[in-house]
Amino acid sequence: MENCMENMRVLKEGLEKTGRIEIVSKDVGVPLVAFSLKDNSSHDEFEIADLLRRYGWIVPAYTMPADAQHVTVLRVVIREDFSRTLAERLVNDIQKVLHDLDMLPSKMKAKMEMAGEDADRTLFGSKKTEMETQREVTTLWKKFVMERKNKSSGVC
């Protein structure tokens, strides 16, 4: 358990050093690190979770329950087989993901562009539901990310 707690501290400190992540979990109890972006106006925790999969990580992103739905976190549970090397590698991969996200247009910009298209549709009498708009934005975003991924050099 002491080893798990030490690896939790390594992960937590590495994430804090990025300057872009806020740790929301406590250092007591189950060895886990829950964290969120300090500024999620351009990109969110769900995007981090999605892009981490490229590096083989499955780090779930969650929204909090009622009365705190506006808070989203990523959570890493430190198991017995999660070594210090893995903690350092995860921090490194998260830094790569943050850099990749900086190169992508923000979801907000995509939503604004979609809103402009919705305004055009409203003029012609066909307005989409919020769910239809969300699905369309998600589809366009995935297409954009896949195009960028296919253009990258030598990354699996």
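See the structure above.
Right, let's walk through the structure included here. (Residues numbered from 1 in each chain as written. Predicted model: local features only at pLDDT ≥ 70, side-chain atom pairs only at ≥ 80, totals over all residues. Heavy atoms only, no water.)

## Regarding the sheet that holds strand S4 (residues 72-77)
Defined as follows: A pair of strands counts as paired when DSSP detects no fewer than two bridges linking them. Labels follow the DSSP assignment, with helices taken as runs of H or I lasting at least four residues and strands as runs of E lasting at least two, numbered in each case from the N terminus. An axis is simply a line fitted to the C-alpha atoms; with a helix, the fit covers only the stretch in contact. Between two such axes, the angle follows the N-to-C directions and lies from 0 to 180 degrees.
Strand order in the open sheet formed by 4 strands is S1-S2-S4-S3, and the pairing between neighbours is antiparallel. Strands at the two margins of the open sheet, each flanked by one partner only, are strand S1 (21-23) and strand S3 (61-63). For this sheet, the mean inter-axis angle between neighbouring strands, taken without regard to orientation, is 35°. Inspection of the sheet shows S3 paired to S4 by 3 bridges, in the antiparallel sense. Bridge pairing in S4 links Ala61 to Leu74.

## Digging into the pairing of S4
The pairing of strand S2 (residues 32-37) with S4 spans 4 bridges and is antiparallel. Along S4, the bridge assignment pairs Ala34 with Arg75.

## A short note on helix H1 (residues 2-17)
What counts, and what does not: Multiplying 1.5 Å by the residue count of a helix minus one yields the expected span of that helix. For the exposure calls, accessible area comes from a 1.4 Å probe over protein chains only, and a residue counts as buried if that area is under 20% of its type's maximum, exposed if over 50%, partly exposed in between. Two residues qualify as a contact provided that any one of their heavy atoms is within 4.5 Å of a heavy atom in the partner residue.
Taking 1.5 Å of rise per residue, 16 residues should cover 22 Å, and H1 covers 23 Å from first to last C-alpha, within 8% of that figure. Looking at H1, one finds that the buried residues are Cys4, Met5, Asn7, Met8, Val10, Leu11, Lys12, Gly14 and Leu15. As for H1, its buried residues are in contact with S1, S2, S4 and helix H3 (84-103). Immediately beyond the C-terminal end of H1, within one or two residues, lies Gly19, with a positive phi of roughly 80°.

## Here's the deal with the environment of Val24
Considering the arrangement of structural elements, one finds Val24 in the loop between S1 and S2. Classification of Val24 by relative accessible area gives partly exposed; the value is 37%. Expressed as a C-alpha distance, the spacing of Val24 and Val73, which sit 49 residues apart in the sequence, is 8.0 Å. Val24 has contacts with Ala34, Phe35, Ser36 and Val73, leaving out every residue within four places of it along the chain.

## Brief notes about the pairing of S2
Within S2, 6 of the 6 residues are buried, leaving the element largely enclosed by the surrounding structure. A two-sided burial pattern is seen for S2, the buried positions comprising Leu32, Ala34 and Ser36 on one face and Val33, Phe35 and Leu37 on the other.

## A short note on the packing of H1 against H3
What counts, and what does not: Orientation is classified from the angle alone, with under 35 degrees giving roughly parallel, over 145 giving roughly antiparallel, 65 to 115 giving roughly perpendicular, and any other angle giving oblique. The sense of a crossing depends on the near helix, which, turned anticlockwise from the far helix by less than a right angle, makes the crossing left-handed and, turned clockwise, makes it right-handed.
Following both chains from N to C, one finds H1 and H3 inclined at 20°, their axes separated by 9 Å at the closest point. By the angle between their axes, H1 is roughly parallel relative to H3. Crossing of H1 over H3 shows right-handed handedness. Of the residues in H3, those touching H1 at Glu6, Asn7, Val10, Leu11, Gly14 and Leu15 are Arg84, Ala87, Glu88, Leu90, Val91 and Ile94.

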